[in-house]
Amino acid sequence: MKTPPIVSPQEWEAARQQLLVEEKQLTRARDALAAKRRRMPWVAVEKKYEFDGPDGTVSLLDLFAGRRQLIVYRAFFEPGVFGWPDHACRGCSMVADHVGNLAHLNARDTTLVFASRAPQPDIERVKARMGWTIPWYSLTDDFDADFGVDEWHGTNAFIHAGDTVFRTYFINSRGDEALGSTWSYLDMTALGRQETWEDSPEGYPQTPPYEWWNWHDNYGAPEQAPEWLAITRRGSEE
């Protein structure tokens, strides 16, 4: 193995600062891409889809669980997939392992669910074995084929206005690799992170950054702004 040069701490810091310029450019480019996603046109979902869940049959609108936005990851766990019946596919299982605590997504009026063709008893069994708590539903119709995830994994984002559901974005293939954190999921949605620094269309819901952040078991509780908020705000401007 041929290693990079061994340098002094001062030379190392100079090299890091040089690379940091490009890292900040990448961050800004990612923000600009997310802003374009928020301006993507929407397409109405005309068909009625049904899913099997722990409590019986539910509709696509039911999957929102009362929230405004919905993210659906199509995971491959079913007969014919490597690992069945003890495991979902390895890649989809890695995706599930990387999903953060969903309370933070829910605090932004967004629900994340997984969907597979496996029956509910198998899904519940594997969830318990793997320690997953993601809401996970069974596909019963052409939802996967209609939304580009019948032969390969992918993540669809939806929003609803009343009883009408709209598809707003879609990510698959290597794009799914970057998902898992609260931020990456929100960045693919129509409303984004819903923070005031974002470039969003006029009238989109937005609140000051950091002020909505909370412990995952404390959302909804009255609380004063934390002492570190002012320091964090200054850091975000760099």
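Parameters and conventions
Residues numbered from 1 in each chain as written. Predicted model: local features only at pLDDT ≥ 70, side-chain atom pairs only at ≥ 80, totals over all residues. Heavy atoms only, no water. Helix = DSSP H or I, 4+ residues; strand = E, 2+ residues; numbered from the N terminus. Buried < 20%, exposed > 50% of the residue type's maximum accessible area, 1.4 Å probe, protein only. Contact = heavy atoms within 4.5 Å. Salt bridge = Lys/Arg side-chain N within 4 Å of Asp/Glu carboxyl O. Arc of directions from axis to C-beta. Core = buried A, V, L, I, M, F, W, Y, C linked by side-chain atoms within 4.5 Å. Phe/Tyr/Trp six-rings, centres within 6.5 Å; stacked < 30°, edge-to-face > 60°. Lys NZ or Arg CZ within 6 Å of the ring centre and 35° of its normal. Pairing = 2+ DSSP bridges. Axes fitted to C-alpha atoms, helices over the stretch in contact; angles between N-to-C directions.

(A) Broad picture of the environment of Met188. Within the element layout of this structure, Met188 appears in the loop between helix H7 (182–187) and helix H8 (229–236). The class of Met188 is buried, set by a relative accessible area of 0%. Along the sequence, Met188 and Thr168 sit 20 residues apart, while their C-alpha atoms lie 8.7 Å from each other. Among all residues touching Met188, those that are not within four sequence positions of it are Arg37, Ile71, Thr155, Asn156, Ala157, Tyr169, Ile171 and Leu179.

(B) A look at the pattern of salt bridges. In total, this model carries 11 salt bridges according to the counting rule given. We note a salt bridge from Glu13 to Arg16, for which the minimum N-O separation is 3.4 Å. Highlighted residues: Glu13 and Arg16, both in helix H1 (residues 9–37), separated by three residues, approximately one helical turn. Glu13 gets classed as partly exposed once you look at its relative accessible area, which sits at 30%. Residue Arg16 is classed as partly exposed on the basis of its relative accessible area, which comes to 36%. Residue Lys47 is joined to Asp146 by a salt bridge in which the shortest nitrogen-to-oxygen separation is 2.7 Å. In this pair, Lys47 is assigned in the loop between strand S1 (43–44) and strand S2 (50–53) and Asp146 in helix H6 (residues 143–146), connecting sequence segments 99 residues apart. With a relative accessible area of 34%, Asp146 lands in the partly exposed category. Salt bridges sharing partners connect three or more residues here, namely Arg74, Glu78, Arg117 and Asp144.

(C) A look at helix H3 (residues 90–98). Here H3 has its buried residues at Cys92, Ser93, Val95 and Ala96. Burial along H3 is one-sided: seen end-on, the buried residues are contained in an arc of 155°. In H3, the exposed positions angled more than 90 degrees off the buried face are occupied by Arg90, Met94 and His98. Residues of H3 that are buried make contact with strand S4 (69–74) and strand S5 (110–116).

(D) Up close: the nonpolar core. Among the nonpolar cores identified, the biggest contains 28 residues, and Val99, Leu112, Phe114 and Tyr185 are the most heavily contacted of them. Ranked by residue count, the leading element in this core is H3, at three residues. Here Tyr185 is in contact with Ile71, Val99, Leu105, Leu112, Leu179 and Gly180, once residues within four sequence places are set aside. Leu70, Ala115, Phe147 and Phe158 belong to the second largest nonpolar core, which has 16 residues in total.

(E) A look at the packing of aromatic side chains. The tally for this structure, following the rule as stated, stands at 14 aromatic pairs. Ring geometry for Trp183 versus Trp212: centroids 6.0 Å apart, planes at 75°, classification edge-to-face. Of this pair, Trp183 sits in helix H7 while Trp212 is found in the loop between H7 and H8, placing the two residues 29 residues apart along the sequence. Both rings, one in Trp183 and one in Trp213, keep their centres 5.2 Å apart while their planes meet at 40°; by these two values the pair is tilted. Within this pair, whereas Trp183 is found in helix H7, its partner Trp213 is found in the loop between H7 and H8, the two being separated by 30 residues in sequence. A relative accessible area of 35% places Trp213 in the partly exposed class. Ring-pair connections join several aromatic residues into one group, and the members of that group are Tyr49, Phe51, Phe143, Phe147 and Phe158. When the ring centre of Phe76 is taken as reference, the NZ or CZ atom of Arg74 above it lies at 3.8 Å. The ring of Trp212 is capped by Arg108, whose NZ or CZ atom sits 4.3 Å from the centre of that ring.

(F) Spatial organisation of the sheet that holds S4. Taken in spatial order, the eight strands line up as S1-S8-S7-S4-S5-S6-S2-S3 in an open sheet, and their pairing is mixed. Each edge of the open sheet carries a strand with a single partner, namely S1 and strand S3 (56–59). Helix H5 (residues 120–130) rests against S2 and strand S6 (136–139) of the sheet, and its axis sits at about 150° to S6.

(G) The pairing of S4, seen in detail. Counting buried residues along S4, six of its six residues qualify, which places the element largely inside the surrounding structure. Neither face of S4 is open: one carries Gln69, Ile71 and Tyr73, the other Leu70, Val72 and Arg74, and all of them are buried. Bridge count between S4 and S5: six bridges; the pairing is parallel. Within S5, the residue paired with Gln69 across the bridge is Thr110.

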